Amino acid sequence: MPSSHLLLVEDNPGDAELVRMALAERQADISVHIADNAVQAFAYLKGQPPGGANPRPDLIVLDLALPVIHGHKVLDVVKRNVDWQRIPVVVLSSSSAPSYRVLCERLGACAYVVKPGDWPGYLALADRLIQALAEGCLQPD
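Please read these numbers as outputs of a predicted model, since none were measured by experiment. (Residues numbered from 1 in each chain as written. Predicted model: local features only at pLDDT ≥ 70, side-chain atom pairs only at ≥ 80, totals over all residues. Heavy atoms only, no water.)

Just checking my understanding: could you explain the pattern of salt bridges for this structure?
Pairing is possible between side chains that carry opposite charge, provided their charged atoms lie close to one another. All told, the structure shown has six salt bridges when counted by the stated rule. A salt bridge links Asp15 to Lys115, with the nearest nitrogen and oxygen atoms 2.9 Å apart. Taken together, the residues span a long stretch of sequence, with Asp15 in helix H1 (residues 13-25) and Lys115 in the loop between strand S5 (111-114) and helix H5 (119-135) at a distance of 100 residues. Taken individually, Asp15 and Lys115 each receive the classification buried, so the pair is uniform in this respect. Measuring nitrogen to oxygen at the nearest pair gives 2.7 Å for the salt bridge that ties Arg26 to Asp127. (Salt bridge = Lys/Arg side-chain N within 4 Å of Asp/Glu carboxyl O. Helix = DSSP H or I, 4+ residues; strand = E, 2+ residues; numbered from the N terminus. Buried < 20%, exposed > 50% of the residue type's maximum accessible area, 1.4 Å probe, protein only.)

And the structure:
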């Protein structure tokens, strides 16, 4: 049984698979649950015990550019929900815009990470996510 559970909210199957593969290469004892939109993410979170069978994620990794409901709104909903607000959220975005980082921090994200552009970057991201799971969030860059 995995020691940690990560909910990856990512609509790009390629990016989701790269995160999963990098964690697997690092031999992380992490179960990765993927939701490709906000509706699936909320359904997963609502399916936690006591009423459901989904394990509570120890960390949520959230893309901002999601279809239908933008990642900023997802972050806001998670952090306002009494049952979910203590789950650390790492935003994983293609944008390096400082305004996005500031908004995400204001909404309660514990970290903001720009998506890597190559395989070594995904391995470094995996190392940081493993650290986040061990420590409760990421240390600043």
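What should I look at first to understand the nonpolar core in this one?
Grouped burial of nonpolar side chains is what soluble globular proteins tend to show. Of all hydrophobic cores here, the largest spans 23 residues; its most connected members are Ile60, Leu62, Leu75 and Val78. Going through the elements one at a time, strand S1 (4-9), helix H2 (38-46), strand S3 (59-62), helix H3 (71-80), strand S4 (89-93) and helix H4 (98-107) are the ones with two or more residues in this core. Of all the elements, H2 adds the most residues to this core, at five residues. Leu75 has contacts with Leu62, Val89, Val91, Cys104, Leu107, Gly108 and Ala109, leaving out every residue within four places of it along the chain. (Core = buried A, V, L, I, M, F, W, Y, C linked by side-chain atoms within 4.5 Å. Contact = heavy atoms within 4.5 Å.)

Can you help me understand the pairing of S4 in this one?
The side chains of a regular strand alternate, residue by residue, between the two faces of the sheet. S4 sits mainly inside the fold: five of its five residues count as buried. Pairing of S3 with S4 involves three bridges; the strand directions are parallel. Across the sheet, Val61 pairs through a bridge with Val90, a residue of S4. Read from S3 through H3 to S4, the crossover connection turns out right-handed. Alignment of S4 against S5, held across four bridges, turns out to be parallel. Within the sheet, the bridge partner assigned to Val90 lies in S5 and is Ala111. (Pairing = 2+ DSSP bridges. Right-handed = clockwise from strand over helix to strand, strands pointing away.)

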